[in-house]
Each structure stands twice: as C-alpha cells, then as structure tokens.
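# Observations on the three-dimensional arrangement
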Amino acid sequence: MHPDDLLPQPPDPQVESLLVRRAATERRRRGLHRAFMTAAACVLVAAGVYLGVSATTAGPNPDSIHSPARALLMTGRTYSVTDPATGVTGLVGVEDKGWGTHVALELKGVKGPLQCRLMAVGDDGRSEVVASWGVPDKGYGVPGSPDPLLLHGGTSLPQDELNHFTIQTFDGRTLATVAV
C-alpha cells in the first residue's frame, strides 16, 4: 500500500462547486428570512407604540357612542330644562342600577369660570352630589366656547325616588332645576 492511498481523495470539482453554491444559497435564504422577521417585528412594535400613544393622548371622545354619558343620553330616560333666567340648558339621562341610579348630563349655556355640581334630590328631600366640574373661562355651549359639557356619575337614590336634579355653583347659586 502506498502512503498516498491513506490520504483523503480530493473532492470532485463539480461536487465541490455544487456544495459551495448550495451553502451560499442557504445562507442568503436564512439572511433574507432574518431580515424579513426583523422588519415585521419593527412594524409591530411601531404600531403598538403608535396605538398606545394615540389611546393615551387623544383621550375619550365624549361625543362617541362609546362614551357612557352619550350612550345613556341616547338610550336612557331623559329630562330636559332651559332656565330662562340663566340661559342654562340641561339634558339629564337616568338609568336604574342595583346600587342606585346612573346619571348623565349634557350642559349648555354656562359661562365661566365656575365650579359646579349636579345634585340629585329625592322625594324625601335628601340630596346627593352626582358629579362636580370646573367651567373654563370660555364656558360650555356658548359662542366661542368648547362643545357642551358631557359627563356622568351616580346617586344611591333609586330612580323611582328621585324628585329633581339641581345644577348649581359651589357657592349655592342654582343654574337650572331639572324636574323628574
């Protein structure tokens, strides 16, 4: 036996060329796959960040049907008032709940600055604050002001025990009374 017989035989140049080409093709395929997956992950992260920022900075749209106040005013029992002395217009929506009454208010014709509250008054004279809010200088629902105020709250008074709602300033001045 010749010592050269123990050495590995050089590969066939055609087989070697084929193996090199296949390896290069596989590397390119893996590289493209990795690049595609990285791009897809970046798009998903960017979309998540955009949606998260949009949801937290835009805030809820009070005119959206998804607003609890707007939904209640559209589907619940409503009562309205326009006070000729103050020019305030209010629309109150109510809905029975196991804990009392869910209440929504749309308020127009209020000039600020004011601190106000919506009071629920029962047949027995008992009263509870449903909600309170600040009125900006420009007011709500008056020329040059933002849209009407739209808010919701609740009272422990059951709907069948409600007598009226009072929209008043913190100093006790009545802006409007909504009979129920």
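Before going into details, it helps to say that this report is about the structure given with it. (Residues numbered from 1 in each chain as written. Predicted model: local features only at pLDDT ≥ 70, side-chain atom pairs only at ≥ 80, totals over all residues. Heavy atoms only, no water.)

### A closer look at the side chain of Arg-117
With respect to the secondary-structure elements, Arg-117 resides in strand 4 (residues 114–122). Comment: no salt bridge for buried Arg-117; closest opposite-charge side chain is Asp-171, at 7.2 Å. Of note is the side chain of Arg-117, whose polar atom sits 2.8 Å from the side chain of Gln-168. Separated by 3.3 Å, the side chain of Arg-117 and the backbone oxygen of Phe-170 make a polar contact. Arg-117 has contacts with Val-129, Ala-131, Ser-132, Trp-133, Thr-166, Ile-167, Gln-168, Thr-169, Phe-170 and Gly-172, leaving out every residue within four places of it along the chain. (Helix = DSSP H or I, 4+ residues; strand = E, 2+ residues; numbered from the N terminus. Buried < 20%, exposed > 50% of the residue type's maximum accessible area, 1.4 Å probe, protein only. Lys, Arg positive; Asp, Glu negative; His and termini not counted. Salt bridge = Lys/Arg side-chain N within 4 Å of Asp/Glu carboxyl O. Polar contact = N/O pair within 3.5 Å; in protein donor to acceptor, adjacent residues only side chain to side chain. Contact = heavy atoms within 4.5 Å.)

### Quick notes on the sheet that holds strand 7 (residues 162–169)
The four strands lie next to each other as 5-4-7-8, forming an open sheet whose pairing is antiparallel. Strands at the two margins of the open sheet, each flanked by one partner only, are strand 5 (127–135) and strand 8 (174–179). Going from strand to strand, the sheet's axes swing by 15° on average, the running direction of each strand aside. Looking at chain direction, strand 4 and strand 5 are connected through eight bridges and run antiparallel. Note on strand 5: the bridge partner recorded for Arg-117 is Ser-132. (Pairing = 2+ DSSP bridges. Axes fitted to C-alpha atoms, helices over the stretch in contact; angles between N-to-C directions.)

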